[in-house]
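# Descriptive structure summary
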Amino acid sequence: MMPLPKFHLERPQSLAAALRLLAESPDALPLAGGTDLLVSMKQGLYAPGTVVDLKKVPELGSLEIGAGGAFLGAALKLAAVRDEPALKERYAALSEAAAAVASPNIQNMGTLGGNVCLDTRCWYFNQSEFWRHSKGYCLKKDGDICQAAPGAKRCFAVFSSDTAPALIALGARAQVASWDGESAQLREFPLEELYREDGISRIALGQDELLVGLRLPESRGVKSGYLKYRKRGAIDYPLASVAVALRMADGVMKDVRIVLGALASAPVIAFEAMELLEGAQPSPELLTRAAELVGKRTCPVKNQAGTPAHRKSIARVYCQRLLTGLAK
Amino acid sequence: MIIVKMTVNGNPIEVGVGDEETLLETLRQRLGLTGTKQGCDLGDCGSCTVLIDGKPALSCLTLAADAEGREITTIEGLAHGEDLHPVQRAFHEAGAVQCGFCTPGMVLTAKALLDANPNPDRDTIKGALAGNLCRCTGYVKIVDAVENAAKVYPRARVEEAR
Amino acid sequence: MNSTFQYVGKDLPRIDAVAKLTGDAQYTDDLHLPGTLVGKLLRSPHAHARIRGIDVSKAEALPGVKGVVVGTDAPIRFGILPAAKDETALAIEKVRYVGEPVAGVAAVDERTALQALKLIEVDYELLPAIFDPYEALTREDVKIHEGCKEANVERRGSLEFGQVDAGFADADYIREDSFFKEAITHAPLETHVALANYRDGKLTLWSTTQVPHSVHRSISEVLEIPMDRVRVIKPTLGGGFGGKGEPFSFEFVACMLSRKCGRPVKIVHTREEVFLSHRGRHPMHMKLRTGVKKDGTITAVVFHNLLDGGSYGSYGLVTLYYSGQLLTLPYSLPAYRFDAARVFTNKPACGALRGHGAVGPRFAFEVHLDRIAADLGLDPLEIRRKNALQPNTMTLNELRITSCGFEECLEKASQAIGWEERRGKLPRGRGVGLAGGGYISGAGNAIYYNPMPHSNVNISVDRGGGVTVFCGASDIGQGSDTMLALVAGEILGVRPDAVKVVSADTDTTPVDLGSYSSRVTFMAGNACKSAALDVRGKILAIVAEHLGVAAEAVRITDGVASAKGCERTLSFAQAVVLAESKGAPIFGSGGYTPPKMGGSYRGAGVGPSPAYSFGAHAAEVEVDEETGVVKVLRLVAAHDLGRALNPLAAAGQVQGAAVNGLGEVLLESHVILPGGQHASPSFLEYKMPTMLDVPDVEPILVESVDPEGPFGAKECGEGSLHPSIPAVINAIYDAVGIWLHNAPITPEAVLEALRKRKTP
Ligand SMILES: Cc1cc2nc3c(=O)[nH]c(=O)nc-3n(C[C@H](O)[C@H](O)[C@H](O)COP(=O)(O)OP(=O)(O)OC[C@H]3O[C@@H](n4cnc5c(N)ncnc54)[C@H](O)[C@@H]3O)c2cc1C
Ligand code: FES
Ligand code: FES
């Protein structure tokens with residue numbers, strides 16, 4: 001058995017109560033489905049004094065899909081996101097991404113919010129205390145060097161969420177609540193702004209802040225898709241992934257969005273490729289050129305299975321395949 | 001200590017659990033329901049799968065406190081007395097059990113699948129069970145068993161309801 | 001032929017399946033004794049270090065800690081092979097790999113035990129560590145084991161048969177290739193668990209072991225308790241594959257702690273600890289040189305193998321010789337030379353794993369053979385047929401071949417995959433490949449010399465007519481209990497699913513050497529058959545007397561005894577009651593000892609088996625030339641198992657073994673990082689195939705009916721692994737024209753090979 005470290009469990013019944021608990025206990029961590037955090041806690045990576053379980057917070061559970069777009073609460077289970085027919089139809093990339101997370105049974109437990117706020121991952125970090133002690137601690141936990149890229153000043157742990165690249169490609173905005181001492185304050189911003197290219201402080205959320213949900217714009221004929229590369233057909237995190245969304249209007253591509261996952265400490269938006277394609281007519285040569293630009297956007301280090309060069313080349317191939325399928 | 005009220009295999013149960021206790025610990029150690037297996041304790045293998053309100057979930061990554069008010073089904077709760085559940089029977093007859101360590105998780109996941117979709121094709125079965133590892137069987141007979149169970153499923157369920 | 005059997009040859013669901021399906025089956029971790037303490041092992045974080053001192057005082061002082069033990073508490077050495085007793089229960093002077101146990105703690109609960117481990121202070125002096133087997137061959141300055149005469153070579157082995165140089169001189173074509181087969185690990189779903197209870201001078205150990213008999217002996221030796229005061233029981237086992245095939249540190253430590261604390265102690269390994277303990281496949285660095293005539297007839301073979309043994313001996317010497325000896329299956333070689341070395345490195349010890357010894361060499365040889373065929377423009381099927389071993393022959397290294405269905409396996413596998421229509425004819429990116437193999441049905445010689453039979457069975461019949469088979473053999477998930485029930489049922493004429501089996505308990509069951517080397521069906525099966533015949537003889541005599549007919553006229557069918565021409569019948573139970581009333585309760589026993597076999601040269605003891613299984617697999621693959629990802633679309637696994645006693649179980653064994661092989665070729669590698677840590681010590685990072693990664697393996701059971709096997713049966717759960725690896729690699733060549741010499745393959749290696757092919 002790998003027992004969880006001791007902690008005090010809080011189960012707030014409202015968003016305000018949850019935020020207050022977090023604000024008042026600096027060593028508290030929010031827990032959603034627990035499929036990421038509990039694993040890390042068993043491995044001794046986190047030992048929060050208080051765990052704030054969000055399952056009973058009603059404000060996080062909403063699901064609204066309407067003409068003007070959709071709002072998906074952070075506490076929605078990945079299985080619900082995966083199975084919702086309206087999402088499948090309008091935001092295919094998201095439902096494909098949710099279906100690609102881990103395995104179906106984990107999709108019954110893991111939440112969309114947990115997936116969006118997923119911790120970054122690295123071979124040298126996601127290990128037991130025994131292993132890390134034996135190998136030497138790393139920047140992200142207890143150490144002062146990066147084991148993956150010795151000499152590096154920063155942590156290169158990878159952001160491996162499946163849904164985040166899809167959501168960003170679809171133009172999602174994050175709704176975040178913070179505690180002003182008395183009540184919950186809500187704000188919204190483009191989801192990409194939640195992330196930082198830093199394996200350690202991966203998301204721009206304060207101790208007293210929570211992700212409430214994700215707002216998707218009206219789909220307006222946008223077609224989207226998500227492809228994930230991993231060693232096995234299930235269980236595995238992505239080693240590289242690509243989400244693409246675009247709209248075809250009068251034979252040209254519009255609102256093109258290409259986002260890469262699992263190749264850096266944050267999702268990577270492939271601006272050059274997007275610019276190249278925006279307003280252009282799709283042709284095999286053009287799509288190939290775009291895919292090549294995508295490959296240039298990242299330089300992963302060796303901290304996952306597979307070689308960095310191969311993971312990059314997969315991003316290129318998958319991007320081309322998605323574009324070819326969608327730009328019709 | 002947190003007092004948790006839940007239903008386990010149809011029986012209402014009240015049990016005191018630690019804040020940091022997993023449902024797997026509670027089932028195996030406090031309730032003696034050792035049919036639920038622990039293969040990794042990290043969410044990687046599926047052997048600890050139980051049904052929570054009918055849906056498969058990994059008990060090694062579920063806090064016991066979260067079982068409050070839920071209906072938990074473990075492998076011990078599937079058969080009606082001597083009568084095996086159709087999925088159990090199909091596993092038996094198809095030779096889908098070897099060492100049996102993955103079996104409880106496989107059977108429960110398969111039951112949940114058939115409850116939701118009594119006529120899955122082979123690929124759907126594989127997709128649904130893909131998070132459950134088995135080292136012995138090479139999987140073929142497990143998928144066969146689920147297919148066979150599906151053939152009798154609606155009828156068997158009617159019988160069960162009676 | 002099958003019609004002469006009542007039960008043999010018909011599908012029989014396992015006799016323990018219902019218990020496993022309902023949660024009733026008791027695995028070791030499911031057992032609980034009142035007052036059981038939790039045991040934990042402190043493991044070395046260093047790959048190679050001298051232990052200058054261990055201070056356990058702080059741990060002992062922690063409330064809740066009931067006892068701490070260290071290496072000096074049990075300094076007697078053990079090891080599965082008598083020639084390699086190089087381990088102690090806990091490390092004493094040195095640690096030799098990351099994860100080696102150095103101390104054991106028993107405490108009232110898991111968290112306390114874990115906390116206690118942190119309080120144990122071990123003073124280590126770091127030593128240079130070796131991770132590369134080539135380095136191990138030459139580093140005289142670093143000795144992992146002091147006893148090694150040459151650097152870190154545990155043993156060199158060489159064999160030579162026939163006129164090798166003349167064979168090459170005679171060849172029209174000679175080819176040389178190098179191959180590398182990476183380690184894999186067993187990964188049974190159940191982790192290792194031991195529950196020990198020392199009471200009143202007697203010790204009972206419940207353990208997840210494939211070899212209760214060896215554990216029994218070793219516990220007695222190391223803990224210095226007479227064997228009659230030690231009882232080893234193997235409860236239901238959640239998979240072994242060789243990974244539970246020898247005595248382990250945790251078993252001794254659980255016993256030591258229980259003796260020290262006077263309470264039961266249970267040690268449950270975490271998944272990571274199972275990886276740390278390993279004992280898996282040896283990484284093999286191999287070179288092959290083969291001479292052939294123009295028509296593909298083999299004239300001579302030379303095989304070099306460097307085995308990376310890790311830190312201890314384990315089964316390694318056997319692995320070394322198997323790797324050479326079994327290369328002479330399933331083709332007839334006129335001349336053969338083998339040179340090999342097993343070296344120590346600072347990694348977890350390698351040992352036996354499903355297909356033991358022959359997996360790497362088989363992969364290498366089958367790919368090598370396909371390359372020769374390609375060079376000469378021969379059909380890979382043809383070159384295999386041409387050289388196929390024949391029944392009732394002797395290989396040049398004196399392996400006695402009796403039944404042999406290899407050619408039939410080749411025919412059936414190639415037919416099923418559509419060889420003629422598809423090989424070389426599929427669209428680019430798709431291909432089919434073929435490979436063969438052969439394996440032992442149990443080792444002809446026991447691991448340690450002893451005069452007793454390799455397997456023994458007692459059968460008792462109770463008043464109700466119930467039959468109980470007692471056998472030391474371990475059902476590790478492969479279904480040996482069901483096999484015993486079937487054999488006993490067939491001979492006695494009672495339904496197998498009504499036969500009870502008590503197995504793997506050293507107090508109540510007669511000795512069987514254990515579940516390894518694919519020996520159980522053949523050996524325990526034969527022992528059971530002879531015990532059942534003993535019982536049957538006794539019953540028939542009574543029935544005959546009662547019915548007033550000759551004993552030879554009596555038949556027992558489905559538990560009813562009758563005789564031709566006699567109206568009266570007698571139930572099995574009635575016959576037993578009758579016998580007992582005459583003062584002779586019915587009881588029978590039987591044993592199996594393999595015939596004397598094998599040559600007299602050094603190394604001849606490893607390889608001889610009373611029978612050999614054979615097989616041929618055919619694979620169809622699809623290669624994505626942009627990503628390098630290979631998908632196996634079909635795998636046909638034809639396996640000559642002598643006779644399918646229980647086709648349902650046999651097919652399951654073949655499918656499981658073949659999928660293990662697919663994992664080995666496509667995904668799995670057990671790699672140790674510089675520093676000695678595992679690259680993938682979890683089910684997340686160690687890539688055991690999921691349902692989505694492998695096709696539905698299509699088994700074909702070929703029955704060559706072995707003259708000495710029980711009802712003609714031979715092994716089927718190990719040999720059916722070997723050919724899958726090279727079949728896939730040979731199919732990749734057919735698909736895209738590249739050869740891969742390292743297994744597992746990776747998408748990176750596929751792309752690299754494709755690039756090289758384009759720009760030579
Ligand atoms: C075997 C295995 C395989 C996996 N494979 C994948 C995979 O392929 N792809 C993938 O993307 N993930 C994978 N995961 C990780 C995980 O299951 C999913 O990412 C899941 O969606 C996480 O959701 P959760 O609700 O369980 O998160 P939790 O574990 O509860 O939380 C994750 C993190 O988010 C924080 N958090 C949660 N909710 C909020 C909120 N509302 N506001 C602020 N912070 C919050 C938590 O504090 C924590 O740091 C895998 C996990 C396992 C065990
Ligand atoms: S024990 Fe829970 S997933 Fe393996
Ligand atoms: S039957 Fe052994 S792991 Fe599935």
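Notes on the structure in this doc start here.

Quick notes on the rules
Residues numbered from 1 in each chain as written. Chains lettered and ligands numbered in written order. Predicted model: local features only at pLDDT ≥ 70, side-chain atom pairs only at ≥ 80, totals over all residues. Heavy atoms only, no water. Helix = DSSP H or I, 4+ residues; strand = E, 2+ residues; numbered from the N terminus. Expected span 1.5 Å × (residues − 1). Buried < 20%, exposed > 50% of the residue type's maximum accessible area, 1.4 Å probe, protein only. Salt bridge = Lys/Arg side-chain N within 4 Å of Asp/Glu carboxyl O. Pairing = 2+ DSSP bridges. Axes fitted to C-alpha atoms, helices over the stretch in contact; angles between N-to-C directions. Contact = heavy atoms within 4.5 Å. Near = heavy atom within 4 Å. Polar contact = N/O pair within 3.5 Å; in protein donor to acceptor, adjacent residues only side chain to side chain. Areas by Shrake-Rupley, 256 points an atom, 1.4 Å probe, with all protein chains shown as cover. Nonpolar A, V, L, I, M, F, W, Y, C, P; charged D, E, K, R; others polar. Phe/Tyr/Trp six-rings, centres within 6.5 Å; stacked < 30°, edge-to-face > 60°. Buried area = accessible area lost by both parts, 1.4 Å probe.

As a further point, take helix α10 (residues 359-376) of chain C. All names here are of chain C. Compared with an ideal rise of 1.5 Å per residue, which puts 18 residues at 26 Å, α10 spans 26 Å between its outermost C-alpha atoms and is within 8% of the ideal. For α10, the buried fraction is high: 15 of the 18 residues fall into the buried class. Of the residues trailing α10, glycine 377 is marked for its positive phi of about 70 degrees.

Moving on to the pattern of salt bridges. One pass over the structure, following the stated rule, counts 87 salt bridges over all chains. A salt bridge links Arg281(C) to Glu664(C); the nearest nitrogen and oxygen atoms lie 2.6 Å apart. Of this pair, Arg281(C) sits in the loop between α8 (271-277) and β13 (284-292) while Glu664(C) sits in helix α17 (residues 647-666); the two residues are 383 residues apart in sequence, bridging distant segments of the chain. You can call Arg281(C) buried: its relative accessible area is 5%. One network of salt bridges, in which partners are shared, links Arg28(B), Lys37(B), Asp29(C), Asp30(C) and Lys266(C).

This brings us to the pairing of strand β2 (residues 49-55) of chain C. Relative to strand β4 (residues 94-95) of chain C, β2(C) runs antiparallel, the two sharing 2 bridges. Within β4(C), the position partnered with Ala49(C) by the bridge is Val95(C).

The subject of this paragraph is the sheet that holds strand β3 (residues 50-53) of chain A. Strand pairing in a sheet takes place through backbone hydrogen bonds and is either antiparallel or parallel in direction. Residue and element names in this part refer to chain A. Spatially, β1-β3-β2 is the arrangement adopted by the 3 strands of the open sheet, whose pairing is parallel. Looking at the sheet topology across the chains shown, the edges are occupied by β1 (8-10) and β2 (28-31). Strand-to-strand twist in this sheet, taken as the mean axis angle between neighbours without regard to direction, amounts to 25 degrees. Inspection of the sheet shows β2 paired to β3 by 4 bridges, in the parallel sense. What sits directly across from leucine 31, in β3, is aspartate 53. Relative to β2, helix α1 (residues 15-24) is tilted by about 150 degrees, and along the sheet it contacts β1, β2 and β3.

Residues and elements named next belong to chain A. Close contacts around ligand 1 come from 35 residues, with Pro30, Gly33, Thr35, Leu37 and Thr111 the closest. In this structure, an oxygen atom belonging to ligand 1 sits 2.7 Å away from a main-chain N or O atom of glycine 34. Interatomic distance of 3.0 Å between a backbone N/O atom of alanine 102 and an oxygen atom of ligand 1. Considering ligand 1 on its own, with 970 Å² of exposed area, one finds that the protein chains cover 97% of that surface. Those elements giving two or more residues to the shell around ligand 1 turn out to be β2, α7 (112-116) and β8 (209-217). Taken together, the residues of the shell around ligand 1 sort by class into 19 nonpolar, 10 polar and 6 charged.

Residues and elements named next belong to chain C. All chains considered together, the criterion is met by 21 aromatic pairs over all chains. Taken together, a centroid distance of 5.4 Å and an interplanar angle of 85 degrees make the contact between phenylalanine 5 and phenylalanine 711 edge-to-face. A residue pair is termed long-range when its members are at least 10 positions apart, and phenylalanine 5 in the segment before α1 (17-22) and phenylalanine 711 in the loop between β28 (698-702) and α18 (724-736) qualify at 706 residues. Judged by its relative accessible area of 12%, phenylalanine 711 falls in the buried class. Centre to centre, the rings of phenylalanine 179 and phenylalanine 363 are 5.6 Å apart; their planes meet at 75 degrees, and the pair counts as edge-to-face. One end of the pair, phenylalanine 179, is in strand β8 (residues 173-181); the other, phenylalanine 363, is in helix α10, with 184 residues separating them in the sequence.

Residues and elements named next belong to chain C. With respect to the helices and strands, the residue threonine 746 is situated in the loop between β29 (742-743) and α19 (747-758). Each C-alpha atom, one on threonine 746 and one on glycine 313, is 30 Å from the other, the two residues being 433 residues apart in sequence. At 2.9 Å, the side chain of threonine 746 forms a polar contact with the backbone nitrogen of alanine 749.

What follows deals with the interface of chain C and chain A. It is common to report an interface's size as the accessible area lost on association of the parts. Facing 35 residues of chain C, the contacting portion of chain A comprises 28 residues. Buried area between chain C and chain A, both sides added, is near 2,700 Å², and the carbon and sulfur share of it is 58%. For the chain C face of the interface with chain A, the top three residues by lost area are Arg111(C), Leu684(C) and Glu748(C), together amounting to 19%. The interface formed by chain C and chain A includes 3 salt bridges. Glu626(C) is the salt-bridge partner of Arg321(A), the closest N and O atoms lying 2.8 Å from each other. The tally of links from chain C across to chain A stands at 15 residue pairs in polar contact (both at pLDDT 80 or more). Sorting the residues of the side of chain C that touches chain A by element identifies β1 (37-43), α3 (110-119), α8 and α19 of chain C as the ones contributing at least two each. Here the side of chain C that touches chain A is built from residues that sort into 17 nonpolar, 7 polar and 11 charged.

Bringing helix α1 (residues 23-30) of chain B into the picture now. α1(B) sits mainly inside the fold: 6 of its 8 residues count as buried. Along α1(B), the residues that are buried comprise Leu23(B), Leu24(B), Glu25(B), Thr26(B), Leu27(B) and Arg28(B). Taken together, the buried residues of α1(B) touch β1 (2-8), β2 (11-17), β3 (49-52) and β5 (71-73) of chain B together with α3 of chain C. Of the residues trailing α1(B), Gly32(B) is marked for its positive phi of about 70 degrees.

Attention now moves to the side chain of His186(C). Mapped onto the elements, His186(C) comes out in the loop between β8 and β9 (193-199). Here His186(C) falls in the buried class, since its relative accessible area comes to 2%. Here the side chain of His186(C) touches Gly243(C) through a polar contact of 3.2 Å, landing on its backbone nitrogen. Contact partners of His186(C), with chain neighbours within four places excluded, come to Arg135(B), Gly240(C), Phe241(C), Gly242(C), Gly243(C), His278(C), Arg279(C), Gly280(C), Ala352(C) and Leu353(C).

Let us look at the side chain of Thr163(A). Residues and elements named next belong to chain A. Within the element layout of this structure, threonine 163 appears in helix α9 (residues 163-169). The exposure class of threonine 163 is buried, given its relative accessible area of 0%. Polar side-chain contacts of threonine 163 include one of 2.6 Å to the side chain of asparagine 115. Apart from the residues within four sequence positions on either side, threonine 163 is in contact with Leu78, Leu94, Ala97, Ala98, Leu112, Asn115 and Val116.

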